[in-house]
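Below are the chains, spelled out letter by letter.
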Amino acid sequence: MKPSTLHLFVLFFLLSYVQGRFVVEKNSITVLSPHKLRGKKDGAIGNFGIPNYGGYILGSLVYPDKGSHGCQVFDGDKPFKFRSNRPTIVLLDRGECYFALKVWHAQLAGAAAVLVTDSIDETLITMDSPEESTDADGYIEKIVIPSVLVEKSFGDSLKDSLSNKDEVLLRIDWRESVPHPDDRVEYEFWTNSNDECGPRCDEQMDFVKNFKGHAQILERGGYTLFTPHYITWFCPKPFVESSQCKSQCINHGRYCAPDPEKDFGEGYEGKDVVYENLRQLCVHRVANESNRSWVWWDYVTDFHVRCSMKEKKYSKDCAEVVMKSLDLPIEKIKKCVGDPEADVENEVLKIEQTAQIGGGSRGDVTILPTLILNNVQYRGKLERTSVLKAICAGFKETTEPQVCLSGDIETNECLQRRNGGCWQDRSANVTACKDTFRGRVCECPVVEGVQYKGDGYTTCEAFGPARCSLNNGGCWSETRNKITFSACSESKVNGCHCPVGFVGDGIKCKDVDECKEKSACQCDGCSCKDTWGGYDCKCKGDLLYIKEQDICIERNGSKFGKILAFVVIAVVAIAGLAGYVFYKYRLRSYMDSEIMAIMSQYMPLDQQSNVVHAESEPLRQGNV
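Owing to the predicted nature of the structure, the values given are computational and were not obtained by experimental measurement.

Student: Describe the overall build of the protein, naming the residues involved and giving the relevant values.
Tutor: The number of helices and strands found in the protein is 15 helices and 28 strands. By the burial criterion, 45% of the 624 residues in the protein qualify as buried. Excluding contacts between residues fewer than 6 apart, the proportion of contacts in the protein whose partners are at least 24 apart in sequence is 63%. Summed over its atoms, the accessible surface of the protein is roughly 34400 Å², and 53% of this surface lies on carbon and sulfur atoms.

Structure follows, in structure tokens:
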């Protein structure tokens, strides 16, 4: 690259960030012993290795007798091994070599974490990994332990305590390093479509390919809101018409990217990268409109494989082939991209330039790749498992998706230390311990529709009418001779009460011996026998026992009663018979009169005349 060209490139790079702001992401360090140092301090999370997001490390601190800068490999096998089983945290001095090299040597010596103490009094800074260094390539990707930079004054006090032979016990805590306000994590990934920028480009593309599965599961389930971003620069106005700006920028110098090969004379140009970055942004925007935002991950990985710069396939035509294979609407994406030759602002890229400037708790985005979780920048190795842990740390406790509770990224504390210190009913296999990514919470559960209520630590009690269906509501129950008694009543929403015939607290009930206690069967001549859940009382002779009144009565009535009953029955029978005879007589008379009336209406007329003559005949005889 020619000096004048390099000068121009650096110029428009720096002008973009003259107002830049870098935010140091922190975690807490608590001194548990010795007592004189007890308290909490901040530490700056290193930008390499794997910070324990959502968790903490409790360990003993050591300071090397020699080689305290950690720039050389420590002598011996596991030289910092403690007699106790606690993890070892190594304290090292700043200076003389890269931060990452110090941590690498401590990791080889068996350290679980590293504290680097600053060499000057200043505010905390972020320990970064060395830029494209041949020396670093052999170890930088192998660092898996977390590291933290602490202020000089704090480091000096730790060293003084160790020199006095005190045991220094620390807790390095990352549980609050990522905000976790609700049940959805919002995260951004600042990347680049360029695959010729060396280790940084390889790192980000490896991450996209490896993390794609997790990202799509989280996005499809609505657990996360993901947004891709791309850094763009601009060309200063005095140089807009220069050949360098024209080859590296679109829209007349408004949006630029460095030359992929760092050589303006050959290969692809910076504007090719800007154009593809814009296409990838539009793929996400258009896919998101049809509720398929996760397709971005498929497009980016497929484009990297099928349209690589190394194979000279990095082009618009190749991009459209990938879009077609993923059933993406090409015309909509073209409309979103717009005209890269027009002398106007591009809506999509203008938003990207604005978003690069940090706000609130987030700093400016100045390097690639950069991951931002709930508006704070992720620190550490850009690797699938460590990034997933950081995302899981961004969920409000108890709202994490199941992928966050898998054994490879978190420890189930409910399986340790006496059920995590929570209430448990072993007989019913019911527990108040609920595993979370950060640890556990003790909350009375809901099991098979039965709600438990209590403090979750010492007590949980089944509540509601359905409680007796689950382990008998935690109440006493026993069966003898196929007869079952229970202290759980579905008519009561809570509590255990021994049934009639038993005494106890409901958790344990004991049969009452009514005969021995003389609480029943006290009538004269009665004999009492205790039974399971009751008693059997018998009267002497032929008497009948009435349990409710605890008395005996004759099973049959007296002779007078029998005679009286017979008389009453006889009277009733005779009265009934007389009534029946009277009824039949009246009915027969009524029927006869009715029949005669009817028949008289139908007799012949001559018969009727004869009847009349016969009736008047004596009158005629009287006249003779």
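Student: Could you give an account of the state of the cysteines, with specific residues and numbers?
Tutor: Enumeration over the complete set of coordinates arrives at 16 disulfides. Each sulfur of the disulfide joining Cys-521 and Cys-537 lies 1.9 Å from the other. Taking the torsion about the S-S bond as the criterion, the Cys-521 to Cys-537 disulfide, at about 75 degrees, is right-handed. Residue Cys-521 is found in the loop between α13 (514-517) and β25 (527-531), and its partner Cys-537 is found in strand β26 (residues 534-538); the two are separated by 16 residues along the sequence.

Student: Tell me about the side chain of Glu-514, residues and numbers included.
Tutor: Inspection of the secondary structure assignment puts Glu-514 in helix α13. When sequence neighbours within four positions are dropped, the list of residues in contact with Glu-514 reads Gly-501, Ser-519, Ala-520, Asp-530, Gly-534 and Tyr-535.

Student: Break down a nonpolar patch on the surface for me, with residues and values.
Tutor: On the surface, Leu-544, Ile-551 and Ile-553 cluster together into a nonpolar patch covering about 210 Å² of accessible area. Relative to the helices and strands, Leu-544 resides in strand β27 (residues 543-546).

Student: Tell me about the nonpolar core, and please be specific about residues and values.
Tutor: One finds Leu-115 and Tyr-299 to be the most contacted residues of the largest nonpolar core, which totals 79 residues. Counting residues per element, this core draws most heavily on helix α6 (residues 270-289), which supplies eight residues. Apart from the residues within four sequence positions on either side, Tyr-299 is in contact with Glu-276, Arg-279, Gln-280, Val-283, Ala-319, Val-322, Met-323, Leu-326 and Leu-328. Counting 25 residues, the second-largest nonpolar core is a separate cluster that includes Phe-48, Phe-80, Val-103 and Ala-106.

Student: Please provide a residue-by-residue account of the packing of helix α8 (residues 316-325) against helix α9 (residues 330-337), values included.
Tutor: Closest axis-to-axis distance for the α8/α9 pair is 10 Å, and the angle between their directions is 135 degrees. Here α8 lies oblique to α9, going by the angle between them. Between α8 and α9, the contacting residues are Lys-316, Glu-320, Met-323 and Lys-324 on the first element and Ile-330, Ile-333 and Lys-334 on the second. Residue composition of the contact of α8 with α9, by class: three nonpolar, no polar and four charged.

Student: Break down the environment of Tyr-139 for me, with residues and values.
Tutor: If you trace the backbone, Tyr-139 turns up in the loop between β5 (113-117) and β6 (147-150). Each C-alpha atom of the pair Tyr-139 and His-105 lies 9.5 Å from the other, and the pair is 34 residues apart in sequence.

Student: Kindly report on the pattern of salt bridges, identifying the contributing residues and their values.
Tutor: Scanning all chains against the criterion turns up 24 salt bridges. Between Glu-122 and Arg-94 there is a salt bridge, and its shortest N-O distance comes to 2.7 Å. With a gap of 28 residues between them, Glu-122 in the loop between β5 and β6 and Arg-94 in the loop between β4 (88-93) and α2 (99-108) connect regions that are remote in the sequence. When the shortest N-O distance is used, the salt bridge between Glu-188 and Arg-362 registers 3.7 Å. Of the two residues, Glu-188 is situated in strand β8 (residues 185-191) and Arg-362 in the loop between α10 (347-355) and β12 (370-373); the sequence distance between them amounts to 174 residues. You can call Arg-362 buried: its relative accessible area is 5%.

Student: An account of the packing of aromatic side chains is requested, with residue identities and associated values reported.
Tutor: Evaluated as defined, the whole model comprises 17 aromatic pairs. Ring geometry for Phe-226 and Trp-297: centres 4.8 Å apart, planes at 40 degrees, overall tilted. Of this pair, Phe-226 sits in strand β9 (residues 224-230) while Trp-297 sits in helix α7 (residues 295-306), placing them 71 residues apart in sequence. As far as burial versus exposure is concerned, Phe-226 and Trp-297 are alike and both buried. When the ring centre of Phe-463 is taken as reference, the NZ or CZ atom of Lys-453 above it lies at 4.0 Å.

Student: Before we move on, could you go through the packing of α6 against α7 and cite the residues and values that matter?
Tutor: For the pair α6 and α7, interaxial distance at closest approach is 9 Å and the crossing angle is 150 degrees. Here α6 lies roughly antiparallel to α7, going by the angle between them. By crossing handedness, the relation of α6 to α7 is classed as right-handed. Residues Glu-276, Arg-279, Gln-280, Val-283, His-284 and Ala-287 of α6 touch α7, and the partners they reach there are Val-295, Trp-296, Tyr-299, Val-300 and Phe-303. When its residues are assigned to classes, the contact of α6 with α7 shows seven nonpolar, two polar and two charged.

Student: Could you give an account of the side chain of Asp-435, with specific residues and numbers?
Tutor: Of note, Asp-435 is situated in strand β16 (residues 433-435). Not counting the four nearest positions on each side in its chain, Asp-435 is found in contact with Leu-405, Glu-410, Thr-411, Asn-412, Glu-413 and Cys-414.

Student: I'd like a rundown of the pairing of β5, residues and numbers included.
Tutor: Across the five residues of β5, five count as buried, placing the element largely inside the fold. Burial of β5 is two-sided: the residues Ala-113, Leu-115 and Thr-117 facing one way and the residues Val-114 and Val-116 facing the other way are all buried. Bridge analysis of β4 against β5 gives five bridges, and the strand direction is parallel. In the strand pairing of β5, Leu-92 is matched with Val-116.

Student: Hey, could you go over the sheet that holds strand β19 (residues 450-453) for me, with residue numbers and the actual values?
Tutor: Spatially, the three strands line up as an open sheet ordered β18-β19-β20, and their pairing is antiparallel. Looking at which strands have only one partner, the edges of the open sheet turn out to be β18 (446-447) and β20 (461-463). Sheet topology places β19 next to β20; three bridges connect them, and they run antiparallel. Across the sheet, Tyr-452 pairs through a bridge with Ala-462, a residue of β20.

Student: Please provide a residue-by-residue account of the pairing of β6, values included.
Tutor: Burial along β6 is two-sided: the residues Ser-147 and Leu-149 and Val-148 and Val-150 are all buried. Inspection of the sheet shows strand β2 (residues 39-45) paired to β6 by two bridges, in the antiparallel sense. Bridge pairing in β6 places Ile-45 opposite Val-148. Here four bridges tie β5 to β6, and the two strands are oriented parallel to one another. Looking at the pairing, Thr-117 lines up with Val-150 of β6.

Basis of the calculations
- Residues numbered from 1 in each chain as written.
- Predicted model: local features only at pLDDT ≥ 70, side-chain atom pairs only at ≥ 80, totals over all residues.
- Heavy atoms only, no water.
- Helix = DSSP H or I, 4+ residues; strand = E, 2+ residues; numbered from the N terminus.
- Buried < 20%, exposed > 50% of the residue type's maximum accessible area, 1.4 Å probe, protein only.
- Contact = heavy atoms within 4.5 Å.
- Areas by Shrake-Rupley, 256 points an atom, 1.4 Å probe, with all protein chains shown as cover.
- Disulfide = S-S within 2.5 Å.
- Patch = residues over 30% accessible without salt bridge, like charges linked within 9 Å, V, L, I, M, F, W, Y side chains within 5 Å.
- Salt bridge = Lys/Arg side-chain N within 4 Å of Asp/Glu carboxyl O.
- Core = buried A, V, L, I, M, F, W, Y, C linked by side-chain atoms within 4.5 Å.
- Axes fitted to C-alpha atoms, helices over the stretch in contact; angles between N-to-C directions.
- Parallel < 35°, antiparallel > 145°, perpendicular 65-115°, else oblique.
- Nonpolar A, V, L, I, M, F, W, Y, C, P; charged D, E, K, R; others polar.
- Phe/Tyr/Trp six-rings, centres within 6.5 Å; stacked < 30°, edge-to-face > 60°.
- Lys NZ or Arg CZ within 6 Å of the ring centre and 35° of its normal.
- Left-handed = near helix turned anticlockwise from the far one by under 90°.
- Pairing = 2+ DSSP bridges.

Keep in mind that these numbers describe shape and distance, not what the molecule does.
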